[in-house]
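# Structural characterization, general
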Amino acid sequence: MANSSNYKLSAATANLKYTELYPYKDSAVNSKEFLQKIVDVLMEFVRSTNDRKEKVLEFHHPEEMKKILDLKIPEQGLSLQSLIDDCATTLKYQVKTGHPHFFNQLSCGLDIISMAGEWLTATANTNMFTYEIAPVFILMENVVMTHMREIIGSNWKNGDSILAPGGSISNLYAFLAARHKMFPNYKEKGIATIQGQLVMYTSDQSHYSVKSCSSVCGLGTDNCLMVPSDIHGRMIPAELERLILDRKGKGHIPFFVACTSGTTVLGSFDPINEIADICQKYGMWLHVDAAWGGGLLLSKKYRHPRLTGIERADSVTWNPHKLMGTLLQCSTIHFKENGLLMSCNQMAADYLFMQDKLYDVEFDTGDKVIQCGRHNDIFKLWLQWRAKGDEGFEKHMDKLMELSEYMVKRIKEQPEKFYLILEPEMVNVSFWYIPSRLRNVAHSAAREAELGKICPILKGRMMQSGTLMVGYQPDDRRPNFFRNIISSAAVTEKDVDFLLSELDKLGNDL
Ligand SMILES: *Cc1c(COP(=O)(O)O)cnc(C)c1O
């Protein structure tokens, strides 16, 4: 894509084609030179990601970006030097999600150990469906999943878990297992075995993937009830019970409650114990979507009261690629009861999961999932956990939470410039930025509407200047507001100060 390069291969190698590398040629020297140059390109990205003087992004509109980049697939293959240049150009225009001034997403940061794990994973290039082709990784998965279940609750040790391609799919696994548990014939006989309308419940703050289960699995979104939340964004248990009784009165079958531990926008925690009491009373499955907040299970200081009662759930989604900073993608789903995943999803493909293999086929995890091939997402988490230990993760969690508390404190110290929307329970800090012209205006719905209009403009300015990224969105109660996320080990108090002063610099005239 780029014509000139800072990454020059030797004259002897630069114009060679892929056919001069492994496995086409027995060419350790060429292959090594090529790959080491790629590592140089990657290292420069890692370096600039961690350099506060570098921009977070270099923004171009799609039409402009198309002109800058040469993305076409050529008739004749390109030289090794062109490929190196392609790699350098690709990273040049990539948003640095590990930059200390990137506060935009729940998954961010660039954990070096986890990245090293991802490199190894790519090199091993194996599939996770059988022990036969991934013996070490399968055993690692076993150890790490058991460890995570023990952290959820001492009564979870003998449960079951699997890594899924994202929290949304993890939530889907919970739904499938719950339905299977209640209607074991569904797998063979299908929808006709369920005599009545299944109904599921989640809060109006839940992640949209929960609602998506209801449409994907044949309930219809009208049968995913969005239970009202209180002003803190927590599900109101009395409302849950009211809506269960309402549907029971109609002869429906309420069967599944997904409560959220760490909501995506506000970072709120539903009261698990009270919801568990209701599930127990009506014989319903309790799923805890802790995709976002699960990391706090690792902190003695912050686990309670947020996740108190989680051990009473039947299933838990927990995304290490969020708060724990594991590289994308790494999501886990855990079940208290063993065997459900297998009996629910097993298709016993006889070309893959033969029962007469050399080894104990219990270790062929591939038949527990609705995928066939499964990416290896465990190694980068295992290696990261080896590096940090439980203690390192606990420190990481405490630091993220303390930085968020620091941000709240700094916002409160500047009430003329910032309006804190609610006291956060997590690292989501929701606020408005107040430009000069609105500083002496009393707060009202009209002012909120004005503050809301400022968000997209200020976000646009952040992206144009390339100095900062913070997300914004509206919710049911208010117009656009900023949701700042501190989920990266790179962030310090100084970066929080920078964030607030940069917002003021970019936005005071709006
Ligand atoms: C992010 C998130 C999800 C979805 O996870 P993906 O890995 O993005 O699919 C589900 N639930 C909650 C609460 C989340 O924050």
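Along each chain, the written sequence defines residue order, and numbers are assigned to residues from 1. Where local features are concerned, this predicted model is filtered to residues with pLDDT of at least 70; where side-chain atom pairs are given and counted, the filter is 80 or more; whole-chain, interface and lining totals use all residues. Values shown for side chains rest on all heavy atoms present in the structure; no hydrogens or waters enter the calculation.

As annotated in an unreviewed UniProt entry, the protein chain is Glutamate decarboxylase from Nicrophorus vespilloides. The heading Cofactor (unreviewed entry) in the UniProt record of the protein chain holds the text "pyridoxal 5'-phosphate". UniProt positions are given in the numbering used here, feature names are shortened, and annotations may be inferred rather than shown by experiment.

### Topic: the pairing of strand β8 (residues 331–335)
Remark: exposure states derive from per-residue accessible area (1.4 Å probe, protein chains only) relative to the maximum for the residue type, with buried under 20%, exposed over 50%, and partly exposed in between. Helix and strand assignments follow DSSP, with helices taken as H or I runs no shorter than four residues and strands as E runs no shorter than two, numbered in order from the N terminus. Judged by how many residues are buried, β8 sits mostly within the fold: 5 of 5 residues are covered. Here β8 shows a buried face lined by S331, I333 and F335 and a second buried face lined by T332 and H334. Sheet analysis places strand β2 (residues 160–164) next to β8, joined by 5 bridges and oriented antiparallel. Counterpart to S161 in the pairing with β8 is H334. Pairing between two strands is assigned when DSSP locates at least 2 bridges connecting them. When strand β7 (residues 315–318) meets β8, the two strands line up antiparallel, connected through 4 bridges. Looking across to β8, one finds that S315 is bridged to F335.

### Quick notes on the packing of helix α7 (residues 167–182) against helix α9 (residues 208–216)
When two helices pack together, their arrangement is given by the angle between their axes and by how far apart the axes lie. It is at 9 Å that the axes of α7 and α9 come closest, and there the two elements cross at 50°. On the basis of their axis angle, the class for α7 and α9 is oblique. For α7 against α9, the interelement crossing comes out right-handed. Two secondary-structure elements touch here, α7 through S168, N171, L172 and F175 and α9 through S209, V210, C213 and V216. The angle between two axes is taken between their N-to-C directions and runs from 0 to 180 degrees, where each axis is a line fitted to C-alpha atoms and a helix contributes only its stretch in contact. Throughout, the term roughly parallel applies to angles under 35 degrees, roughly antiparallel to angles over 145, roughly perpendicular to angles from 65 to 115, and oblique to all others. With the far helix as reference, a near helix turned anticlockwise by less than a right angle produces a left-handed crossing, and one turned clockwise produces a right-handed crossing. Any two residues whose heavy atoms approach within 4.5 Å at even a single point are treated as in contact.

### A closer look at the site of the ligand
We call a residue near a molecule or strand when any one of its heavy atoms sits within 4 Å of it. The ligand sits among 16 residues. The nearest are G167, S168, T264, D289 and K322. At 3.1 Å from an oxygen atom of the ligand is found a side-chain nitrogen or oxygen belonging to N319. Out of a free accessible area of 390 Å², the ligand has 87% covered by protein chains. For the shell around the ligand, the element with the most residues is α7, which contributes 3 residues. Just so you know the grouping, Ala, Val, Leu, Ile, Met, Phe, Trp, Tyr, Cys and Pro go in nonpolar, Asp, Glu, Lys and Arg go in charged, and all remaining residues, Gly too, go in polar. For the shell around the ligand, the per-class residue count stands at 3 nonpolar, 11 polar and 2 charged. Here a polar contact means two N or O atoms within 3.5 Å. Within protein one must be a hydrogen donor candidate and the other an acceptor candidate, and residues neighboring in sequence count only if both atoms are side-chain atoms. Working definition of accessibility: Shrake-Rupley area with a 1.4 Å probe, residue cover restricted to the visible protein chains.

### Examining the sheet that holds strand β9 (residues 418–420)
What the 5 strands build is an open sheet, ordered β1-β11-β12-β10-β9; its pairing is mixed. With partners counted over all chains shown, the strands left at the sheet margins are β1 (102–103) and β9, one partner each. Two elements, strand β11 (residues 469–473) and strand β12 (residues 481–485), share 3 bridges in a ladder whose sense is antiparallel. Residue pairing for β12: Y472 is matched across the bridge by F482. Sheet strands in contact with helix α14 (residues 379–413) are β9, β10 (428–433) and β12, and its direction is about 20° off that of β10. Across the sheet, helix α16 (residues 493–507) is in contact with β1, β9, β10, β11 and β12; its angle to β10 comes to roughly 25°.

### A few points about the domain arrangement of the protein chain
In this entry, domain limits derive from an automatic or database-based domain assignment. By domain assignment, the protein chain separates into domain 1 (4–85), domain 2 (143–375) and domain 3 (386–507). The gap between the C-alpha centroids of domain 2 and domain 3 is 31 Å. Taken residue by residue, the interface counts 29 residues in domain 2 and 25 residues in domain 3. Note on definitions: buried area is the accessible-area loss of two parts on being combined, 1.4 Å probe, summed for both. Roughly 2,300 Å² of surface becomes buried between domain 2 and domain 3 when both sides are summed, with 52% attributable to carbon and sulfur atoms. For the domain 2 face of the interface with domain 3, the top three residues by lost area are V265, L266 and Y302, together amounting to 26%. The term salt bridge refers to a pairing of a side-chain nitrogen on Lys or Arg with a carboxyl oxygen on Asp or Glu at a separation within 4 Å. At the boundary of domain 2 with domain 3, the tally comes to 3 salt bridges. For R234, the salt bridge identified is with E425, shortest N-O distance 3.1 Å. Where domain 2 packs against domain 3, one counts 15 residue pairs in polar contact (both at pLDDT 80 or more). Classifying every residue of the side of domain 2 that touches domain 3 gives 10 nonpolar, 12 polar and 7 charged.

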